[in-house]
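Residue strings, one per chain:
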Amino acid sequence: NAGVTQTPKFQVLKTGQSMTLQCAQDMNHEYMSWYRQDPGMGLRLIHYSVGAGITDQGEVPNGYNVSRSTTEDFPLRLLSAAPSQTSVYFCASSQRGADTQYFGPGTRLTVL
Amino acid sequence: KQEVTQIPAALSVPEGENLVLNCSFTDSAIYNLQWFRQDPGKGLTSLLLIQSSQREQTSGRLNASLDKSSGRSTLYIAASQPGDSATYLCAVRKGGSQGNLIFGKGTKLSVKP
């Protein structure tokens, strides 16, 4: 199993550009989530999904969209990138919401 | 609002020492608590998960305890090794099986040979 994979590993955007961060898992997990990690702060939940077709907002959802058309994939879309979205983004999955979370390697995003 | 605090923010110890990392949370109504390890530039690796009904969990040289009523958890690392150097994160899951994880800011551990 590859576990949780994320692409790209690094990305530089200009303010106002849009892009999609990809996340995939091959463990048939129902629960998937996106976090951002900023220096001096803990990880903060952006969006999560408890199954295909179901998504919900986390703590910091503004400026981000998600969809869950399949069990395996959970892409995160930045609609109009802002410098405040410069961060490291992690995708995670688990069999059920309360189970051990498995994290991807992260995407380091810089918005100029 | 649930807040998770980890003390100390950084810790440096000589190899072989036993050490304790602390995690405290403000709302005792948690579903479970999880300890993670994060290496520089990498993702998080789950170390131990303690359900709210449990008092402790052990894995190898690691032992995590949970005192839900006082809002505290500790991660005990026995006979530390340089390979243990990393940032250790504590996260609590809010009440309910679909509750979200709330993370602390982490303790950066350095084990000197």
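Residues numbered from 1 in each chain as written. Chains lettered and ligands numbered in written order. Predicted model: local features only at pLDDT ≥ 70, side-chain atom pairs only at ≥ 80, totals over all residues. Heavy atoms only, no water.

Observations concerning the nonpolar core
Generally speaking, a soluble globular protein has its nonpolar side chains buried in company with each other. The test is simple: Side-chain atoms within 4.5 Å are what join buried Ala, Val, Leu, Ile, Met, Phe, Trp, Tyr and Cys residues into a set we call a nonpolar core. Three labels apply to residues, based on accessible area from a 1.4 Å probe with only protein chains included: buried if under 20% of the type maximum, exposed if over 50%, partly exposed otherwise in between. Secondary structure is summarised from DSSP: a helix means a run of H or I of at least four residues, a strand means a run of E of at least two, and numbering begins at the N terminus for each.
If you look at the biggest cluster of nonpolar residues, it comprises 23 residues, and the most contacted ones within it are Leu33, Trp35 and Leu75 of chain B. Every element with two or more residues in this core is listed here: strand 3 (19-25), strand 4 (30-38), strand 5 (44-51), strand 7 (62-67), strand 8 (72-77), strand 9 (86-94) and strand 11 (107-112) of chain B. Within the second largest apolar cluster, 18 residues are counted, among which are Val4, Leu13, Leu76 and Tyr89 of chain A.

Let's talk about the interface of chain A and chain B
The condition that has to hold: Note on contacts: a residue pair is in contact if any heavy atoms of the two residues lie within 4.5 Å. Summed over both partners, the accessible area lost on bringing two parts together, with a 1.4 Å probe, is the buried area. In the analysis that follows, any N or O atom pair within 3.5 Å is treated as a polar contact, provided that within protein one partner can donate a hydrogen and the other can accept it, and provided that, for residues neighboring in sequence, both atoms belong to side chains. Only Asp, Glu, Lys and Arg are considered charged in this grouping, and only Ala, Val, Leu, Ile, Met, Phe, Trp, Tyr, Cys and Pro are considered nonpolar; every other residue, Gly among them, is considered polar.
Each partner contributes to the interface: chain A provides 20 residues, whereas chain B provides 21 residues. Each partner contributes to the roughly 1,500 Å² buried at the junction of chain A and chain B, and carbon and sulfur atoms together form 52% of this total. Taken together, chain A and chain B are joined by 2 residue pairs in polar contact (both at pLDDT 80 or more). Residues of the side of chain A that touches chain B, tallied by class, amount to 11 nonpolar, 7 polar and 2 charged.

A look at the pairing of strand 9 of chain B
Residues and elements named next belong to chain B. To keep things clear, this is the line we draw: When DSSP finds at least two bridges between two strands, those strands are taken to pair.
Of all 9 residues making up strand 9, 8 are buried, and the element is well covered by its neighbours. Pairing between strand 4 and strand 9: 8 bridges, direction antiparallel. Of the residues in strand 9, the one forming a bridge with tryptophan 35 is cysteine 90. In terms of strand pairing, strand 9 meets strand 11 through 3 bridges, oriented antiparallel. In the strand pairing of strand 11, tyrosine 88 is matched with threonine 107.

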